[in-house]
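A structural walkthrough
Below, each chain spelled out in residue letters.
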Amino acid sequence: MKRLFLVALALTGAALCGQWAESRACTNFIVGKKASADGSVICSYNADSYGAFMHLYHYPAAKHQPGEMRQIYEWDTNKYLGAIPEAAETYNVIGNINEWQVTIGETTFGGREEMVDTTGIIDYGSLIYIALQRSKTAREAISVMTTLVEQYGYCSEGETFTICDPNEAWIMEMMGAFVNDSVMSTLKPAAKKQLGRTVWVAMRIPDDMICGHANQSRITTFMPAKKEEKGKETVLWSNNVVSYARLMGWYDGKRDQDFSYNAAYAAPDFSGRRICDARVWQFFNRYADGMDRYIPWAEGHDKNAEVMPLWVKPNRLLTVADVEAAMRDHFEGTPFSLSGELKTENGEYDMGGGIWEMPYRPTPLYFEVDGKKYFNERPVSTQQAGFVYVSQMRSWLPREVGGCFWFANDDGNMVPFTPVYCCATESPKPYNTPGADDLTFSMDNAFWVQNWVSNMVYPRYSMMFPSLEQVRDSLDNSYFRLQKEVEDKALSLNGDARVAYLTAYTAEKAEQMLARWKQLATYLIVKYNDMTSKPEDEHGRFLRTPNGLGATVKRPGYPQRFARELIRQTGSRYELE
């Protein structure tokens, strides 16, 4: 995801090692089926895009006539790129999951700018949704994606894709393979035919492992020691993935087996590790043992630090709720924490979160003071998230029931994840509201109502977040409690009745969530008006005096840690005689 990032880049002038610094945005986590508590394949994605309005996409299943064309508009800019022939049949897609439970997410890592194929007509966003419309399995999606870009050209920067189905989880990295005129002029015709238009590698994640990527290319060496059986490969790659690097002078090793994808095309620098891989490290650190050894890698300073592995084995089996929690993370309990629990190197309180210890930081990531450059920590959970999901894919259930796409239309920490079933034939109105867009607020739209609440809470986080968290978790827990009952009911139905039932349930939970969030919004403004707190009884009702007025408000003042730091900085300036 890199919407609007070129604008941000132009304002900051920040580009590191050929990678757009401000396009480091999204996060994906992946759980293999033997690493999950119930045998699900689970994956997650947050679409972090500064200022962009997003909704829950829906592409209905369809039959297409010969000669019918698919128009391609760049996902980030809506710029028209070209057209390709439609498939004879396309499948129902809701969000980033299709009716076969195939789920695809992404993070942009950029890589070498000179590799971008400006003649291509398929961008990374279009590639995702076209593949979802045409694929029944993750392997088929990989084949569709790589075939399309080879034929029509890939016009985006370097991208890491999560590609999952109920049985397999894959990570694929892709870049263009542009060759400039000076190099092209040295090649013989036969060599030109072998160039290819993209360089890519796809690796199947072992079933008992967890994986992640966060805007930094993570695939290093990849070639298996022995040739794998066709159709059961655990690694796939483009024919030119090594030869292109040799041609461009980026790899001169004797053996192809020693070739490292990211070393050649998107080597991790400080920001690639501290701003990006640190988010993956935190996911691993939550659920795997021994991750302290990779803190130097995540810190980004030590060039000789041990490289963090592509996947690790969790110390327990993970649930959807565990992955949701990981998507709400701010490095709590680590050296990178933004939650006010750590002090600076000099023993001073870190005031970056403000009076109420907000675990968020203003963008851009980089800033300058008196000629010196600094950075903000970049956690998984961030205010610019347009939507977040956790996708649950289950092989033992009929596909209409097995694919549950847990969706949130804002920063995942600030909202509940409502269930969206993969067979849903409509996007719920709160997630696809007529008239609402990035400049048009609507009380019927989840993105805007949830952002309204979030932006009340951010500046007074420690004061107001507990109230939001209570409602958020209550809703989340209610969805989990209902899941078996709802799915048992769906299993008792057949065909269209099952699809209609789960489509209606998807819409019902979205509408109920929106109604509850509006209620939360009005509660918060009454409860915390003017930086005070109104008292309530044990039933959550605001107290009144015997004469019918509101009870005396509580005035919490500064949190103690902030008060101490304020006095440390100001000395006796505010001291009473």
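Residues numbered from 1 in each chain as written. Predicted model: local features only at pLDDT ≥ 70, side-chain atom pairs only at ≥ 80, totals over all residues. Heavy atoms only, no water.

Take the overall build of the protein next. The secondary structure content of the protein amounts to 15 helices and 23 strands. Here the C-alpha atoms of the protein give a radius of gyration of 25 Å, agreeing with the 25 Å that 2.2 N^0.38 yields for 577 residues. Along the first, second and third principal axes, the C-alpha set of the protein runs to 90 × 65 × 45 Å. Carbon and sulfur atoms form 52% of the exposed surface of the protein, whose accessible area is close to 25200 Å². Here the protein carries 61 positive and 72 negative side-chain charges, and the mean point of each set is 2 Å from the other. (Helix = DSSP H or I, 4+ residues; strand = E, 2+ residues; numbered from the N terminus. Rg over C-alpha atoms; globule rule 2.2 N^0.38 Å. Areas by Shrake-Rupley, 256 points an atom, 1.4 Å probe, with all protein chains shown as cover. Lys, Arg positive; Asp, Glu negative; His and termini not counted. Charge placed at Lys NZ, Arg CZ, Asp CG, Glu CD.)

So, about the pattern of salt bridges. Inspection of the entire model under this criterion finds 31 salt bridges. A salt bridge links Asp329 to Arg286; its shortest N-O distance comes to 2.9 Å. Of this pair, Asp329 sits in the loop between α10 (320-326) and β19 (366-369) while Arg286 sits in helix α8 (residues 270-287), and the two are 43 residues apart along the sequence. Accessibility expressed as a relative area gives 33% for Arg286, which makes it partly exposed. Asp488 is the salt-bridge partner of Lys484, the closest N and O atoms lying 2.7 Å from each other. Separated by 4 residues within a single helix, Lys484 and Asp488 lie in helix α13 (residues 461-491), roughly one turn from each other. Each of Arg139, Glu168, Arg204, Asp207 and Glu233 takes part in a single network of salt bridges with overlapping partners. (Salt bridge = Lys/Arg side-chain N within 4 Å of Asp/Glu carboxyl O. Buried < 20%, exposed > 50% of the residue type's maximum accessible area, 1.4 Å probe, protein only.)

Moving on, we get to unusual backbone geometry. Here the amide bond leading from Thr363 into Pro364 is cis, since omega sits at 5°, within 30 degrees of zero. With respect to the helices and strands, Pro364 occurs in the loop between α10 and β19. Phi at Asn78 takes a positive value of approximately 65°, unusual for a residue other than glycine. With respect to the helices and strands, Asn78 occurs in the loop between β7 (69-73) and β8 (80-85). At Glu357, a position not held by glycine, the phi torsion is positive, near 50°. Mapping Glu357 onto the fold places it in the loop between α10 and β19. Using a relative accessible area of 13% as the deciding quantity, one classes Glu357 as buried.

Turning to the packing of aromatic side chains, a few remarks are in order. Taken as a whole and assessed by the stated rule, the structure comprises 39 aromatic pairs. Where Tyr360 meets Tyr458, the ring centres are 4.6 Å apart and the plane angle is 65°; that geometry is what we call edge-to-face. Here Tyr360 is found in the loop between α10 and β19, whereas its partner Tyr458 is found in the loop between α12 (446-457) and α13, with 98 residues between them in sequence. Classification of Tyr360 as buried rests on a relative accessible area of 2%. Overall, Tyr458 belongs to the buried group, its relative accessible area being 6%. Ring geometry for Phe367 and Tyr374: centres 5.7 Å apart, planes at 25°, overall stacked. Phe367 gets classed as partly exposed once you look at its relative accessible area, which sits at 37%. Owing to a relative accessible area of 37%, Tyr374 belongs among the partly exposed residues under this scheme. (Phe/Tyr/Trp six-rings, centres within 6.5 Å; stacked < 30°, edge-to-face > 60°.)

We now examine the pairing of strand β3 (residues 27-31). A large share of β3 lies buried, amounting to 5 of its 5 residues. A two-sided burial pattern is seen for β3, the buried positions comprising Thr27, Phe29 and Val31 on one face and Asn28 and Ile30 on the other. Sheet topology note: the β3/strand β4 (residues 41-48) ladder contains 5 bridges and is antiparallel. Across the sheet, the residue bridging to Thr27 is Asn46, located in β4. (Pairing = 2+ DSSP bridges.)

With that settled, the discussion passes to the side chain of Ser454. Counting through the fold element by element, Ser454 comes out in helix α12. For Ser454, a relative accessible area of 0% corresponds to the buried category.

Turning our attention to the packing of helix α2 (residues 124-134) against helix α3 (residues 138-152). Two quantities define a packed helix pair, namely the angle between the axes and the distance from one axis to the other. At a closest axis distance of 9 Å, the pairing of α2 and α3 adopts a crossing angle of 130°. In terms of orientation, α2 and α3 fall into the oblique class. Pair α2 / α3 crosses with right-handed handedness. Each of Leu127, Ile130, Ala131 and Arg134 in α2 lies in contact with α3, whose residues at this interface are Glu140, Ala141, Val144, Met145, Leu148 and Val149. Among the residues making up the contact of α2 with α3, the classes are represented as 8 nonpolar, no polar and 2 charged. (Axes fitted to C-alpha atoms, helices over the stretch in contact; angles between N-to-C directions. Parallel < 35°, antiparallel > 145°, perpendicular 65-115°, else oblique. Left-handed = near helix turned anticlockwise from the far one by under 90°. Contact = heavy atoms within 4.5 Å. Nonpolar A, V, L, I, M, F, W, Y, C, P; charged D, E, K, R; others polar.)

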